[in-house]
Amino acid sequence: MTNHISALFISDSLVIFFSWLAAYFIRFKIPLVPVTQGTPHLEQYIVVLIPIWIIFMVNMKICNLYQPLRGKSYFSEFYVIVKVVSLSVLILTAVSFFYREASFSRLVVVIFWGITSILMIFAHTLVRKGLMVLRKKGVNLRRVLIVGAGELGQSVAERIDLHPEMGFSVEGYLTRH
């Protein structure tokens, strides 16, 4: 596992745990909507953190959230994040329907979806910005061999050199002569 994927994995795990607990506290300790059926014990919500985390990690793997995004737009990553969070919350909701030991507030789930989406996008943006800074300094570079040393090859090399934040390093040219 590379360093940036490890950073994303750790930050995503922390976001999931924090968002679930924050959703509980926002719903029951700062009730924006009146609590009518009593406040459930925090332990009831803490117990389900591991299954929630597993559901998220499986969906992140299925949706390829940790694939290299070098050269791709922020929007494409944001889309995958919202897709993972939405799919995970949908599965969580379906599973909780069949789990009758305890019931969970639907408002907690909605708040959890919002907080998780925002914080995960923020965390991924921070990691991506950090990678760009490192790549400008020559760290985490991909070596590139350009086929053709003519005008087109030189043009490609110039375009690569204009964007050091992408993390490509031109190592040479491949030509017939």
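Residues numbered from 1 in each chain as written. Predicted model: local features only at pLDDT ≥ 70, side-chain atom pairs only at ≥ 80, totals over all residues. Heavy atoms only, no water.

Draft legend 1. Spotlight on the environment of His163. Its location among the elements puts His163 in the loop between helix 6 (151-162) and strand 2 (168-174). Note on His163: relative accessible area 42%, which makes it partly exposed. As for His163 and Phe112, which are separated by 51 residues in sequence, their C-alpha atoms are 37 Å apart. (Helix = DSSP H or I, 4+ residues; strand = E, 2+ residues; numbered from the N terminus. Buried < 20%, exposed > 50% of the residue type's maximum accessible area, 1.4 Å probe, protein only.)

Draft legend 2. Molecular detail of the pattern of salt bridges. As enumerated under the stated definition, the model contains 1 salt bridge in all. For Glu77, the salt bridge goes to Arg128, with nearest N and O atoms at 3.2 Å. Here Glu77 is found in helix 4 (residues 74-98), whereas its partner Arg128 is found in helix 5 (residues 106-136), with 51 residues between them in sequence. A relative accessible area of 4% places Glu77 in the buried class. (Salt bridge = Lys/Arg side-chain N within 4 Å of Asp/Glu carboxyl O.)

Draft legend 3. Layout of the nonpolar core. Counting 35 residues, the largest nonpolar core has Ile16, Trp20, Ile52, Phe56, Met60, Phe112 and Met120 as the members making the most contacts within it. Broken down by secondary-structure element, the contributors of at least two residues to this core are helix 1 (3-28), helix 3 (49-62), helix 4 and helix 5. Look past the residues within four positions of Met120 in its chain and what remains in contact with it is Asp12, Val15, Ile16, Phe56, Met60, Ile81 and Val85. (Core = buried A, V, L, I, M, F, W, Y, C linked by side-chain atoms within 4.5 Å. Contact = heavy atoms within 4.5 Å.)

Draft legend 4. A look at the packing of aromatic side chains. This structure, assessed with the given rule, holds 9 aromatic pairs. Ring geometry for Phe56 and Phe112: centres 5.7 Å apart, planes at 80°, overall edge-to-face. With Phe56 in helix 3 and Phe112 in helix 5, the pair connects residues that are 56 residues apart, well separated along the chain. Here Phe56 falls in the buried class, since its relative accessible area comes to 1%. Owing to a relative accessible area of 0%, Phe112 belongs among the buried residues under this scheme. Between Tyr74 and Phe78, the aromatic rings sit 6.0 Å apart at their centres with planes inclined by 35°, giving tilted as the arrangement. (Phe/Tyr/Trp six-rings, centres within 6.5 Å; stacked < 30°, edge-to-face > 60°.)

Draft legend 5. The arrangement of a nonpolar patch on the surface in detail. A surface patch of nonpolar side chains, amounting to about 460 Å² of accessible area, comprises Ile30, Leu32, Val33, Leu107 and Val110. Looking at the element boundaries, Leu32 is found in the loop between helix 1 and helix 2 (42-47). For Leu32, a relative accessible area of 70% gives the class exposed. (Patch = residues over 30% accessible without salt bridge, like charges linked within 9 Å, V, L, I, M, F, W, Y side chains within 5 Å. Areas by Shrake-Rupley, 256 points an atom, 1.4 Å probe, with all protein chains shown as cover.)

Draft legend 6. Quick look at the packing of helix 4 against helix 5. The interhelical angle for the contact between helix 4 and helix 5, taken along N-to-C directions, is 150°, at an axis separation of 10 Å. Taken together, the axes of helix 4 and helix 5 lie roughly antiparallel to each other. For the pair helix 4 and helix 5, the sense of crossing is right-handed. Between helix 4 and helix 5, the contacting residues are Tyr74, Glu77, Phe78, Ile81, Val82, Val85, Ser86, Val89, Leu92 and Thr93 on the first element and Val109, Phe112, Trp113, Thr116, Ser117, Met120, Ile121, His124, Thr125, Arg128, Lys129 and Met132 on the second. For the contact of helix 4 with helix 5, the per-class residue count stands at 13 nonpolar, 6 polar and 3 charged. (Axes fitted to C-alpha atoms, helices over the stretch in contact; angles between N-to-C directions. Parallel < 35°, antiparallel > 145°, perpendicular 65-115°, else oblique. Left-handed = near helix turned anticlockwise from the far one by under 90°. Nonpolar A, V, L, I, M, F, W, Y, C, P; charged D, E, K, R; others polar.)

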